[in-house]
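# Observations on the three-dimensional arrangement
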Amino acid sequence: MKSFVRLVASERLKLSKSFIWLLVPLSPLLALAIGLLVSFDSYDISESQAKYAMLVSAMSSFHSMLFLPILTGIFSAFVCRYEHGSGGWKQLLTLPISRTALYCAKFIVVATLIALTQLLFFGAVCLAGAYHGISFDIEWAPLLMAIGGSFLACLPLAALQLLVSVSWSSFAAPLAINVMLTIPNILVLNSAKIAPFYPWAQPMLTMLTFSNDSFNGSAPTISNMLITIAGSFFVFWAAGLLYFNRKEV
Amino acid sequence: MNEWVIETKGLSKRYKGRYAVSNLNLKIARGDIYGFLGPNGAGKTTTIRMLLGLIKPSNGSVHIFGKALNKDKLSILRRIGSLVEYPSYYGHLSAVDNLEAIRRILDVPTARIAEVLDIVGLAKEARRPVKGFSLGMKQRLGIASALLGNPELLMLDEPTNGLDPSGILEIRELIKQMPKQHGITVLISSHLLSEVELTAGTVGIIRQGELVFQDTIENLHQQAKGSISLSVSEPELAMTLLKEHGINAIMNDSSILLEQTNNETIARMVKRLVERDHSIYRVEEKRKSLEDLFLQIVGEGKRA
Ligand SMILES: Nc1ncnc2c1ncn2[C@@H]1O[C@H](COP(=O)(O)OP(=O)(O)OP(=O)(O)O)[C@@H](O)[C@H]1O
Ligand SMILES: [Mg+2]
């Protein structure tokens, strides 16, 4: 266990002095800008809970539909980037660490970066709420569930992207494909059949549970989502581990 | 009694039906410097990758420190420092941070970083991002990384690649000291015999994936001792005479070549020939350089 912590610390060190840290606050800042611009005037909403629902739905549209899936891809590609350049896998895998541990460490770094992004997003929501003078006296659980759930929804995607990034020595190619598969989110959202099973749409769908709960109950519930998320995560994760353990370096 | 630090049995690696390494039986003794030689594409790197568990052998087994590599991989790797092909580095990090990333995994004291940087002569450049390093400096950093964990076994794949002559000399001196000062066993690959000639105790020569020579450097020298060439008035008759006396010789044009070069044999042979009234024009020693011998071993049986 202690050696695993050291391994994660080593992975983190590699990310120092890199632009990846600038990407973490990018989307939350954009969401904050959108949140500040939201106008409640044209709607007849007085209840704080409903106001938050509207605020979050506006702020999370780009964030969960585009940025989260794309950032997940970038983070996953980034933790493999330095190993692909200049034979790093060879050096890393001759150190006394199991491939499974290394894969987990890389995944944890990706997950932490996504978690930080979500944390900042939550901060942005609070800031925007305070700016509009909405009372903080609301039910926080659904919002936190939505933000946490959409973090979880990124994990299958992260597992899939990590698999692609580990196997593909190119940095840009997995990213381009990831972006290409993220764009259809705009359309997929309207299909109740495909959306729950499209990995790139999951972060958005989980985030929507918050606003939808407050408006109507027709959208998939968060517990339904979690089953799909857990299932797809397990498949991608197992495939990635299996592949990485057999990879010839 | 000999305890092999590395022992492989029938080690083979097949790529698409073609053997890159085939049936390799390496034996490397503790405290030895083993020069692993072979021309480009002979299979040196492939072998080292198998020894480090980076790729799985198609056939055969690897034992290191007396333990099976596929069973005790991590505990074996902890005791090995390696540099495979070209050095790996994180370009955006300084030399210190590059070593720190490895140190965190190996869990050695922080002071060890300064030590290894000093050993490879990079102490002054330690704080610069490595992407600005020259090839030789990166190579030195690679060697520093290999030394970081106080290994008992060093595997260096062409470690002097890209080094200037003084760098080559430094690394050679450094490698020479390893067994003496720290009891470290070293496996060093190269395509030049001259590079390991002065350091190695044992050499293994690999050609097209097969080990064609494995012995001490003294025995290699012995083989390279050369031959005695004799010009005489009637070579055919002289050959028959030598055969009668049980001396092995080969006719080469009009001269006679003797592989055996010990003094008694030569003296006996000359005496016999003179007794039979042969005129001896010349007795010459033809010296083969070690490099010639290496090229000959490597070149033998070359398929088109
Ligand atoms: N991944 C691979 N797929 C197919 N063939 C390979 C692969 N890796 C190595 N080979 C082949 O195996 C042979 C041995 O290669 P290797 O890199 O071990 O040679 P080497 O002795 O290290 O040569 P050099 O002195 O050039 O470094 C070569 O013919 C090479 O083409
Ligand atoms: Mg090689």
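Residues numbered from 1 in each chain as written. Chains lettered and ligands numbered in written order. Predicted model: local features only at pLDDT ≥ 70, side-chain atom pairs only at ≥ 80, totals over all residues. Heavy atoms only, no water.

Turning our eyes to something else, we now look at the overall build of chain A. Looking only at helices and strands, chain A features 11 helices and zero strands. Ordering the α and β elements of chain A from the N terminus gives α-α-α-α-α-α-α-α-α-α-α. Its C-alpha radius of gyration of 19 Å places chain A within 12% of the 18 Å reference for a compact globule of 249 residues. C-alpha extents for chain A along the principal axes are approximately 65 × 40 × 35 Å. When burial is assessed residue by residue, chain A has 54% of its 249 residues classed as buried. Residue pairs in contact within chain A that sit at least 24 positions apart in sequence constitute 79% of those at least 6 positions apart. Element-wise, carbon and sulfur atoms account for 71% of the exposed surface of chain A, whose accessible area totals about 10,700 Å². In chain A, 13 positive and 9 negative side-chain charges are present, and the distance between their average locations comes to 25 Å. (Helix = DSSP H or I, 4+ residues; strand = E, 2+ residues; numbered from the N terminus. Rg over C-alpha atoms; globule rule 2.2 N^0.38 Å. Buried < 20%, exposed > 50% of the residue type's maximum accessible area, 1.4 Å probe, protein only. Contact = heavy atoms within 4.5 Å. Areas by Shrake-Rupley, 256 points an atom, 1.4 Å probe, with all protein chains shown as cover. Lys, Arg positive; Asp, Glu negative; His and termini not counted. Charge placed at Lys NZ, Arg CZ, Asp CG, Glu CD.)

A separate point is the state of the cysteines. In the structure shown here, the tally under the stated rule is zero disulfides over all chains. Cys80(A) takes part in no disulfide bond, and the closest cysteine sulfur, belonging to Cys104(A), lies 13 Å away. (Disulfide = S-S within 2.5 Å.)

Residues and elements named next belong to chain B. With mixed pairing, six strands are arranged side by side in an open sheet as S7-S8-S9-S4-S10-S11. The sheet is open, and its two borders are formed by strand S7 (80-83) and strand S11 (210-216), each paired with just one other strand. Sheet twist, expressed as the average angle between the axes of neighbouring strands with direction ignored, equals 15°. Pairing between strand S4 (residues 33-37) and strand S9 (residues 185-190): five bridges, direction parallel. Bridging from a neighbouring strand, Ile-33 pairs with Val-186 of S9. Where helix H1 (residues 44-51) meets the sheet, its contacts fall on S4, strand S8 (153-157), S9 and strand S10 (202-207), and the angle it forms with S9 comes to roughly 150°. (Pairing = 2+ DSSP bridges. Axes fitted to C-alpha atoms, helices over the stretch in contact; angles between N-to-C directions.)

Residues and elements named next belong to chain B. For Glu-85, which is not a glycine, the phi torsion comes out positive at approximately 60°. The class of Glu-85 is partly exposed, set by a relative accessible area of 33%. The backbone of Glu-158 shows a phi angle near 45°, a positive value even though the residue is not glycine. Structurally, Glu-158 is set in the loop between S8 and helix H6 (165-182).

Turning our eyes to something else, we now look at the site of ligand 1. All names here are of chain B. Near ligand 1 there are 13 residues, and of these Asn-40, Gly-41, Lys-44, Thr-45 and Thr-46 occur at the shortest range. The contact in question runs from an oxygen atom of ligand 1 to an N or O atom on the side chain of Thr-46, over 2.5 Å. About the coverage of ligand 1: the protein hides 68% of its 640 Å² of free accessible area. Going through the elements one at a time, strand S2 (18-24) and H1 are the ones with two or more residues in the shell around ligand 1. It is H1 that provides the largest number of residues to the shell around ligand 1, a total of three residues. Each residue belonging to the shell around ligand 1 can be placed in one class, and the counts come to four nonpolar, six polar and three charged. (Near = heavy atom within 4 Å. Polar contact = N/O pair within 3.5 Å; in protein donor to acceptor, adjacent residues only side chain to side chain. Nonpolar A, V, L, I, M, F, W, Y, C, P; charged D, E, K, R; others polar.)

What follows covers the interface of chain B and chain A. Taken together, the contact pairs 31 residues of chain B with 27 residues of chain A. Across the chain B/chain A interface, buried area totals approximately 2,700 Å², and carbon plus sulfur atoms make up 56% of it. Taken as a group, Tyr90(B), Arg104(B) and Ile105(B) account for 27% of the area that chain B buries against chain A, more than any other trio of residues on that side. Joining chain B to chain A, the criterion identifies four salt bridges. (Buried area = accessible area lost by both parts, 1.4 Å probe. Salt bridge = Lys/Arg side-chain N within 4 Å of Asp/Glu carboxyl O.)

On to helix H3 (residues 26-37) of chain A. All names here are of chain A. Taking 1.5 Å per residue, 12 residues should reach 16 Å; H3 reaches 17 Å between its end C-alpha atoms and fits that length. Restricting attention to buried positions, one finds in H3 the residues Ser-27, Pro-28, Ala-31, Leu-32 and Gly-35. Buried residues along H3 cover an arc of 140° about the axis, so they all sit on one side. Seen from the open side of H3, the exposed residues pointing more than 90 degrees away from its buried face are Leu-29 and Leu-37. (Expected span 1.5 Å × (residues − 1). Arc of directions from axis to C-beta.)

Residues and elements named next belong to chain B. Strands sit in the order S13-S14-S12-S15 across an open sheet of four strands; the sheet is antiparallel. The sheet terminates laterally at strand S13 (250-252) and strand S15 (280-286), the two strands that pair on one side only. Within the sheet, the average angular offset between the axes of one strand and its neighbour, ignoring direction, is 25°. Pairing geometry for strand S12 (residues 227-232) and S15, over six bridges, is antiparallel. Bridge pairing in S15 links Ser-231 to Arg-282. Sitting on the sheet, helix H10 (residues 263-275) is in contact with S12, strand S14 (255-258) and S15, with an inclination near 10° to S12.

So, about the domain arrangement of chain B. Structurally, chain B comprises domain 1 (4-79 + 151-222) and domain 2 (225-287). Between the C-alpha centres of domain 1 of chain B and domain 2 of chain B the distance comes to 41 Å. (Domains from an automatic or database assignment.)

Now for the packing of aromatic side chains. All names here are of chain A. Here the structure, examined in full by the defined rule, presents 15 aromatic pairs over all chains. When the ring of Phe-78 is compared with that of Phe-171, the centres are 6.0 Å apart and the planes differ by 75°; the resulting orientation is edge-to-face. One end of the pair, Phe-78, is in helix H4 (residues 48-84); the other, Phe-171, is in the loop between helix H7 (141-167) and helix H8 (172-182), and 93 residues separate them in sequence. Ring pairs connect the aromatic residues Trp-89, Tyr-103, Phe-107, Phe-233, Trp-237 and Phe-244, which therefore count as one cluster. Here the guanidinium or amino end of Lys-51 rests over the ring plane of Phe-40, the centre of that ring lying 5.7 Å away. (Phe/Tyr/Trp six-rings, centres within 6.5 Å; stacked < 30°, edge-to-face > 60°. Lys NZ or Arg CZ within 6 Å of the ring centre and 35° of its normal.)

Right, let's talk about the nonpolar core for a bit. Within the largest apolar cluster, 139 residues are counted, with the highest numbers of intra-cluster contacts made by Phe75(A), Ile6(B), Ile64(B), Met155(B), Leu187(B) and Val203(B). The biggest single contributor to this core is H4(A), with 12 residues. Ignoring anything within four residues of it in the chain, the contact list for Phe75(A) reads Ile20(A), Leu23(A), Val24(A), Val110(A), Leu113(A), Ile114(A) and Thr117(A). By size, the runner-up hydrophobic cluster in this structure holds 21 residues, among which are Ala53(A), Met59(A), Ala124(A) and Ile147(A). (Core = buried A, V, L, I, M, F, W, Y, C linked by side-chain atoms within 4.5 Å.)

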